[in-house]
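# Structural overview for review
The chain contents come next:
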Amino acid sequence: MRRSEEMRGVRASTRPEFAKACREALRLNNLAAKYHAEGNATRPEKLYRRAWEIQESVLGPDDAAVAVTLSNLAAFYRMVGRFRDARPLYERAISILETVHGAAHGDVAVVLFNYGELLKAEAAAVQARAKEIEKSLREMSDPRHAAKTVIDAGKARFQLVTGVSRIHRYGVFAAEEIPAGRLVIEYTGERVSRSEAVHRWNRRRTYLVKLDSYWRLDGSVGGSGAELLNHCCEPNTRLGVRQGRVWVISLRRILPGEELTLDYRFPKDSERIPCYCGAATCRGTLNAR
Ligand SMILES: [Zn+2]
């Protein structure tokens, strides 16, 4: 710390505050690292970011300590699958360390190695996604599969049809105009307890919605077709409970031919599922942030 202090000509009168800020950044970093090591998927981000902010303001943006925090935050993003967020942080950390220590320094090698691990994980995820799309297409070419994707017209208040989605497999489309704020289709399914829902949930079976504090509906059993609604980060419908029933409610006017979408908002601490909805504000995950 003293080296940077001298470099930046910090006056003697500001030194106690400077030392205090450095201690605070170190405390935040250590706390973040503790949660990070425990596999906590939410807490480290804010702590690392706050440490980064403090270090930048007292040490300047190009200090080696900043690079260490950036590299830690990047490792956290890699752990939770946020590869796109991790990449620029590793690149910035490498650039800082090369400038401060030179290209042949051991710290540069450590961060380069971790950056390489990120690229490998990212490559594996990209190829897994390609395989998943191909598998979906194979399954969808089976007529028995298409037969399952039907709308129960008795549960719908507007004409809806199913069809091949641009987002994921099959989706639900408006066959007529739907004004904003209307009950569109009832979300039906087997009533299961909250704990049974936790037991049933997995990334391939995401048809569980909340009815009240105790009951959930599993749309994969006795679903009206509403369970086929795909996720979008800029949805045109939402779920709402009316007199003990779950409804899909239009958030805006929906035109004929438009796909109906919902924001799934999976818990932020559950398994992270990447999103490819294509919305301008796509947050990159089906989980809430
Ligand atoms: Zn999205």
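The coordinates are above.
All of the points below concern the structure found in this document. Each chain has its residues counted from 1, running along the sequence as written. Per-residue local features of the predicted model are confined to residues with pLDDT of at least 70, and side-chain atom pairs are confined, for both listing and counting, to 80 or more; whole-chain, interface and lining totals are unaffected and use all residues. Calculation of side-chain values draws on the structure's entire complement of heavy atoms; hydrogens and water are dropped beforehand.

## A closer look at the pairing of strand S6 (residues 215–218)
Stated formally: In short, DSSP must find at least two bridges between two strands for them to pair. Each helix corresponds to a stretch of at least 4 residues labelled H or I by DSSP, and each strand to a stretch of at least 2 residues labelled E; elements are numbered beginning at the N terminus.
Examined bridge by bridge, strand S4 (residues 190–193) and S6 share four bridges and lie antiparallel to one another. Across the sheet, Glu190 pairs through a bridge with Asp218, a residue of S6. Of the strand pairs in this sheet, strand S5 (residues 208–210) and S6 are connected by three bridges, and their pairing is antiparallel. Directly across from Lys210, in S6, lies its bridge partner Arg216. Between the end of S5 and the start of S6, which pair antiparallel, lie four residues.

## Description of the packing of aromatic side chains
Short version of the rule: Two aromatic rings from Phe, Tyr or Trp, using only the six-membered ring of Trp, form a pair when their centres are within 6.5 Å; if the ring planes differ by under 30 degrees the pair is stacked, by over 60 it is edge-to-face, and anything between is tilted. Buried, partly exposed and exposed residues are distinguished by accessible area as a fraction of the type maximum, computed with a 1.4 Å probe on protein chains only: under 20%, between the cut-offs, and over 50%, respectively.
Scanning all chains against the criterion turns up five aromatic pairs. Residues Tyr214 and Trp215 carry aromatic rings whose centres are separated by 5.0 Å and whose planes lie at 90° to one another, so their mutual orientation is edge-to-face. Judged by relative accessible area, Tyr214 falls into the partly exposed class, the value being 44%. Given a relative accessible area of 29%, Trp215 falls into the partly exposed group.

## Side note on helix H5 (residues 83–101)
Here is the rule: By this rule the span expected of a helix is its residue count minus one, scaled by 1.5 Å. Throughout, the arc means that of the directions going from the helix axis to the C-beta atoms. Whether two residues are in contact is decided by their heavy atoms: any pair within 4.5 Å suffices.
In this model, H5 (19 residues) spans 26 Å end to end at C-alpha, consistent with the 27 Å of a helix rising 1.5 Å per residue. Restricting attention to buried positions, one finds in H5 the residues Phe83, Ala86, Leu89, Tyr90, Ala93, Ile94, Ile96 and Leu97. Looking straight down H5, one finds that the buried residues subtend no more than 165° of arc, so they occupy a single side. Turned more than 90 degrees away from the buried face of H5, the exposed residues are Arg84 and Thr99. The secondary structure elements touched by the buried residues of H5 are helix H3 (43–59), helix H4 (64–79) and helix H6 (106–140). Directly after H5, the chain includes Gly102, whose backbone phi takes a positive value near 100°.

## Quick look at the packing of helix H2 (residues 15–37) against H3
Between two packed helices, the angle of one axis relative to the other and the distance separating the axes together describe the packing. Quick reminder of the rule: Note on geometry: axes are lines fitted to C-alpha atoms, helical ones only across the stretch in contact, with angles between N-to-C directions running from 0 to 180 degrees. Roughly parallel covers angles under 35 degrees, roughly antiparallel covers those over 145, roughly perpendicular covers 65 to 115, and oblique covers all other angles. If you view the pair so one helix is near and one far, a crossing is left-handed when the near helix is turned anticlockwise from the far one by less than a right angle, and right-handed when it is turned clockwise. Each residue is assigned to one of three groups, with Ala, Val, Leu, Ile, Met, Phe, Trp, Tyr, Cys and Pro labelled nonpolar, Asp, Glu, Lys and Arg labelled charged, and all others, Gly among them, labelled polar.
Where H2 contacts H3, the two axes come as close as 8 Å, and the packing angle between them is 155°. On the basis of the axis angle, H2 is roughly antiparallel to H3. Every pair of crossing elements has a handedness; the one defined by H2 and H3 is left-handed. Where H2 approaches H3, its residues Phe18, Ala21, Cys22, Glu24, Ala25, Leu28, Asn29, Leu31, Ala32, Ala33, Tyr35 and His36 are matched on the opposing element by Arg43, Pro44, Leu47, Tyr48, Arg50, Ala51, Ile54, Gln55, Val58 and Leu59. In terms of residue class, the contact of H2 with H3 is built from 16 nonpolar, three polar and three charged.

## Looking at the coordination of the zinc ion
Six octahedral donors around a metal ideally subtend angles of 90 or 180 degrees, whereas four tetrahedral donors ideally subtend 109.5 degrees. This is how it is decided: Counted as donors are N, O and S atoms no farther than 2.8 Å from the metal, or 3.2 Å for Na, K and Ca; water is not among the atoms, and sites may therefore look incomplete. In these descriptions, tetrahedral denotes four donors with every angle between 85 and 135 degrees, square planar four donors and octahedral six donors with opposite donors over 155 degrees apart and the rest between 65 and 115, and irregular any other case.
Here the zinc ion is held by the protein donor atoms Cys233 (SG), Cys275 (SG), Cys277 (SG) and Cys282 (SG), which lie 2.3 to 2.4 Å from it. For the zinc ion, the four donor atoms are set out with angles of 105 to 112° between them, so the coordination reads as tetrahedral. Linear spacing of the donor residues for the zinc ion on their chain is C-x41-C-x1-C-x4-C. What makes Cys277 buried here is its relative accessible area of 12%.

## Quick word on H2
Counted at 1.5 Å a residue, the expected span for H2 with its 23 residues is 33 Å, and the 33 Å between its end C-alpha atoms agrees. By the burial criterion, the buried members of H2 are Phe18, Ala21, Cys22, Ala25, Leu28, Asn29, Ala32, Tyr35 and His36. The first or second residue beyond H2 is Gly39, which carries a positive phi of 80°.

Keep in mind these values describe shape, not function.
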